[in-house]
Amino acid sequence: MACGCARSYLSLMENGRKGPPSEELLARLEIALGLEAGGPLTRAARLERTPAAIRDDLEASRRLAELLRGTSLDERGRVVGRLDAAYRTGELARLTERLMPASGTHAEPVGAPLPREVPLINRVAAGYPAGFTDLGYPARAADEYVRCPDLEDPDAFAARVVGDSMEPDYREGDIVVFSPARDVVDGSDCFARLEPDDETTFKRVYFETGEDGGGLIRLQPVNNRYPPRVLERELVAGLYRAVSVTRSL
């Protein structure tokens, strides 16, 4: 197809059996359909990927703002209009409880930053690249999430390490969070997507120049029992920098 996606995958999305596509596939779909880049299709997909709890909070905030806009004071200084009606029916109490859940004698203020919930996508091999069919997976959508309180990147994702080639810095079972928004520099630990079959691996990355002047990328294990792998830059479809790791004790 013009968008470079299998018809079977599009059929799964259309029938609700797959979530929204990745940002890369969305961009190709928009081009194929003649739509504005980053337009309604992308915005709808991003909203769909947002965890349900956050969507509920956004809807409660929207409704509260709507009530405030329809409110005024009468000649005695009393609140009248939608907010007054919402108070009498109990809707106001439900909305404020949703946005400020009580915790003992303290409640979080409206607008307090929430820890970002990052999708945990299957596993990433720390040995040689392994097939990873979920990379047609819809970004930000997963069956499991991890919380990252200090991360702002909406495209961040996490993966469990498999294998021992990144020991001792990373161990099998560690959950590593990757941020596409972070710059990748020499020595960055990265989730790497390899052409042509969307293979993935987790390695320390170095940028080199070949004898012919062409760009090369060296995927270097931390564990010196494993050899590095050197690829032409064109064969590396994506590099996503590791920003944090969580380990069970």
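This text goes with the structure placed above it.
Calculation notes
- Residues numbered from 1 in each chain as written.
- Predicted model: local features only at pLDDT ≥ 70, side-chain atom pairs only at ≥ 80, totals over all residues.
- Heavy atoms only, no water.
- Helix = DSSP H or I, 4+ residues; strand = E, 2+ residues; numbered from the N terminus.
- Buried < 20%, exposed > 50% of the residue type's maximum accessible area, 1.4 Å probe, protein only.
- Contact = heavy atoms within 4.5 Å.
- Patch = residues over 30% accessible without salt bridge, like charges linked within 9 Å, V, L, I, M, F, W, Y side chains within 5 Å.
- Areas by Shrake-Rupley, 256 points an atom, 1.4 Å probe, with all protein chains shown as cover.
- Salt bridge = Lys/Arg side-chain N within 4 Å of Asp/Glu carboxyl O.
- Lys, Arg positive; Asp, Glu negative; His and termini not counted.
- Charge placed at Lys NZ, Arg CZ, Asp CG, Glu CD.
- Phe/Tyr/Trp six-rings, centres within 6.5 Å; stacked < 30°, edge-to-face > 60°.

Trainee: Could you clarify how one ought to interpret the side chain of Ser179 in this entry?
Mentor: Secondary-structure assignment places Ser179 in strand S8 (residues 175-179). A residue is classified by how much of its surface remains accessible, and Ser179, at 1% relative accessible area, is buried. If we skip the residues at most four places from it in the chain, Ser179 touches Leu151, Asp153, Ala156, Arg241 and Val243.

Trainee: Please clarify how a negative patch on the surface should be interpreted in this entry.
Mentor: Where like charges cluster on the molecular surface, the negative patch consists of Glu211, Asp212, Glu232 and Glu234. Tracing the backbone through its elements, the reader meets Glu232 in strand S12 (residues 229-232). Overall, Glu232 belongs to the partly exposed group, its relative accessible area being 46%.

Trainee: Hey, could you run me through the packing of aromatic side chains in this one?
Mentor: All chains considered together, the criterion is met by seven aromatic pairs. Relative to Phe178, the ring of Phe157 lies with its centre 5.5 Å away and its plane at 25 degrees, an arrangement referred to as stacked. Taken together, the residues span a long stretch of sequence, with Phe157 in strand S7 (residues 157-162) and Phe178 in strand S8 at a distance of 21 residues. In this pair, the class of Phe157 matches that of Phe178, namely buried.

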